[in-house]
Amino acid sequence: MEINLAQLKGSCECGRNHAITTKTIIMEPGAINRILDVTEALEIKSMGCIICDTNTKDFAEAVALKISANLYIHKPVIVLQADGLEASDKCVQEAEAEISPYVSWLAAVGSGTVHTITRFLANKMKIPFVSVPTAAATDGFAGTVNTMSWNGYIKTFTGVAPLAVFADNDIFLNAPYRLTAAGISETLSKYMSLADWKCGNIFLNEPFCERVYELIKTAVDSVFENLPAIHAGDAEACETLMLSLLMAGISMQMWGDSRPVSGGERQLVQFWDMCVVNKKPNALQGEKIGVGLLTALRHCEKALQIANPERKMLGYEGMPQSVMKSKFGPMYESVLKENQPDPLKSVTPEIMLEKFPELQKIISSIPSARKLRPHMQAAGCMTKMEDIGLDSGIIPDSLMLAPFVRRRFTVMRVLKLLKI
Ligand SMILES: [Zn+2]
């Protein structure tokens, strides 16, 4: 099955002309058998190089056999050590050291981290890459954005989207279920990021697009409805999950950045990954995002209890710089710079009171933590701080500081104006 991307592209009522770099997405059993024909049709031929890790090496070798004539003969496959592999400057440098400067295109065969490293290097080397996802675990396959640990600080880089994606059912349907569950959490987290995007639209008049919003919302709803079937390993339901993750990436391409699919839930994860008030979490990215989602939702839902917002208004005195300095330590200057200008300064008490009913409407339009959690648990997703190696005692600090890891406006951020 080839996913029709043409209907999503082009000029839109939002005023933008939505571009999609990815030329084709093929999702079917045996999709890797079509790599040679499709890549040649896309004019990516000789001197390619496959990047994988020790967990996905067998798949990479199977792909290499299909396209051996078009690979760089001296080093056709680079195998990264899966143990300790992370999206970091160190791991990028290790991969980069293995790649010949003569390589003219890359193929990522693996899950999220392999894709992040490949996307970063393809962008740096100004060469195309193609994607072979080996598990429905992340939205990073067709995306454009790389979130990486760079000198300890979690930074977001613009990367390059794959020219083609080959999602082979024979591969991703047989991935360990833990990866699939992480993909479920990642998908459901879009409920929060979509709410955050709308929040930015109503308070700061940020650009917004119904077409992109509906694309993601429909994909997430279909995964939510299919959770028991995905958990049971139903092939069609698992395809729905993979498709939703791919569409999250496509929506990043359409919008030009990750605004629609990354909000407060992910800021919490970025904060935990910075190890400011905690030890390094011990979990997959999607697992952390699932816990971030429930933590963010529980906090945001408190706004629904407020009947008289004028009684809850706090005078905004700017960012809590002394606390930030003591907690973020050597990263404080970077965090401060990221937050300039402070987006909350433009939300006056009058604006907050005027927009508050709309804010409540946004929050109540997404599933609550109480509704989501049992479904996530039944589907094998991680839902508690302890599940990801964190102490729930850090939640107050996390809610206070995580909104500052990125300047991106969120429901969590605007709630700083209220006593809740
Ligand atoms: Zn649009």
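Note that this is a predicted model, so its numbers are computed, not measured. (Residues numbered from 1 in each chain as written. Predicted model: local features only at pLDDT ≥ 70, side-chain atom pairs only at ≥ 80, totals over all residues.)

Quick look at the overall build of the chain
Thinking step 1. What the chain contains, in helices and strands, is 18 helices and 10 strands.
Thinking step 2. Relative to its length of 420 residues, the chain is compact, with a C-alpha radius of gyration of 21 Å against a globular reference of 22 Å.
Thinking step 3. Along the first, second and third principal axes, the C-alpha set of the chain runs to 70 × 45 × 40 Å.
Thinking step 4. The buried share among the 420 residues of the chain stands at 49%.
Thinking step 5. Counted over contacts in the chain with a minimum sequence separation of 6, partners at least 24 positions apart contribute 79%. (Helix = DSSP H or I, 4+ residues; strand = E, 2+ residues; numbered from the N terminus. Rg over C-alpha atoms; globule rule 2.2 N^0.38 Å. Buried ≥ 20, exposed ≤ 12 C-beta atoms within 10 Å, placed from the backbone. Contact = placed C-beta atoms within 7 Å.)

Focus on the environment of F203
Thinking step 1. Mapping F203 onto the fold places it in helix α7 (residues 190–204).
Thinking step 2. Of the residues examined, F203 has 23 C-beta atoms within 10 Å and is grouped as buried.
Thinking step 3. When the C-alpha atoms of F203 and Y191 are compared, they prove to be 19 Å apart, with 12 residues separating the residues in sequence.
Thinking step 4. Ignoring any residue separated from it by four or fewer positions in sequence, one finds F203 in contact with V347, I351, K355, F409 and V414.

Considering the environment of M331
Thinking step 1. Tracing the sequence through the fold places M331 in the loop between α13 (321–328) and α14 (332–338).
Thinking step 2. Taking C-alpha positions, M331 is 22 Å from T410, a pair spaced 79 residues apart along the chain.

A few points about the packing of helix α11 (residues 264–273) against helix α12 (residues 285–301)
Thinking step 1. Put simply, α11 and α12 touch, their axes get as near as 8 Å, and they point 120 degrees apart. One way to sum up the angle between α11 and α12 is to call them oblique. For the element pair α11 and α12, the recorded crossing hand is right-handed. Contact with α11, carried on its side by G264, E265, R266, L268, V269 and W272, involves K288, I289, G292, L293, T295 and A296 of α12 and no other residues of that element.
Thinking step 2. Split into classes, the residues belonging to the contact of α11 with α12 amount to 6 nonpolar, 3 polar and 3 charged. (Axes fitted to C-alpha atoms, helices over the stretch in contact; angles between N-to-C directions. Parallel < 35°, antiparallel > 145°, perpendicular 65-115°, else oblique. Left-handed = near helix turned anticlockwise from the far one by under 90°. Nonpolar A, V, L, I, M, F, W, Y, C, P; charged D, E, K, R; others polar.)

With respect to the pairing of strand β6 (residues 105–110)
Thinking step 1. When you tally the buried positions in β6, you get 6 out of 6 residues, the bulk of the element.
Thinking step 2. Of the two faces of β6, the one carrying W105, A107 and V109 and the one carrying L106, A108 and G110 are both buried.
Thinking step 3. Inspection of the sheet shows strand β4 (residues 48–53) paired to β6 by 4 bridges, in the parallel sense. Within the sheet, the bridge partner assigned to I50 lies in β6 and is A107. (Pairing = 2+ DSSP bridges.)

A word on the packing of helix α8 (residues 210–225) against helix α10 (residues 235–255)
Thinking step 1. The geometry of α8 relative to α10 is characterised by a closest axis approach of 9 Å and an angle of 165 degrees between their N-to-C directions. If you check the angle between α8 and α10, you find them roughly antiparallel. Of the two possible hands of crossing, α8 and α10 adopt the one that is left-handed. In contact with V212, L215, I216, A219, V220, S222 and V223 of α8, α10 contributes T240, L241, L243, S244, M247, A248, S251, M254 and W255.
Thinking step 2. Classifying every residue of the contact of α8 with α10 gives 12 nonpolar, 4 polar and no charged.

Structural notes on the domain arrangement of the chain
A common way to state how big an interface is: give the accessible area lost once the parts meet.
Thinking step 1. Here the chain is partitioned into domain 1 (6–175) and domain 2 (184–206 + 259–417).
Thinking step 2. Using C-alpha coordinates to define each centre, domain 1 is positioned 30 Å away from domain 2.
Thinking step 3. The interface is formed by 9 residues belonging to domain 1 together with 11 residues belonging to domain 2.
Thinking step 4. Residue assignment for the side of domain 1 that touches domain 2 shows that the elements contributing at least two residues are β8 (145–150) and β9 (153–158).
Thinking step 5. Class assignment of the residues belonging to the side of domain 1 that touches domain 2 gives a composition of 3 nonpolar, 5 polar and 1 charged. (Domains from an automatic or database assignment.)

So, α8
Thinking step 1. Along its 16 residues, α8 runs 22 Å from first to last C-alpha, staying within 8% of the 22 Å computed at 1.5 Å per residue.
Thinking step 2. Of the surrounding secondary structure, the elements contacted by the buried residues of α8 are α6 (177–188), α7 and α10. (Expected span 1.5 Å × (residues − 1).)

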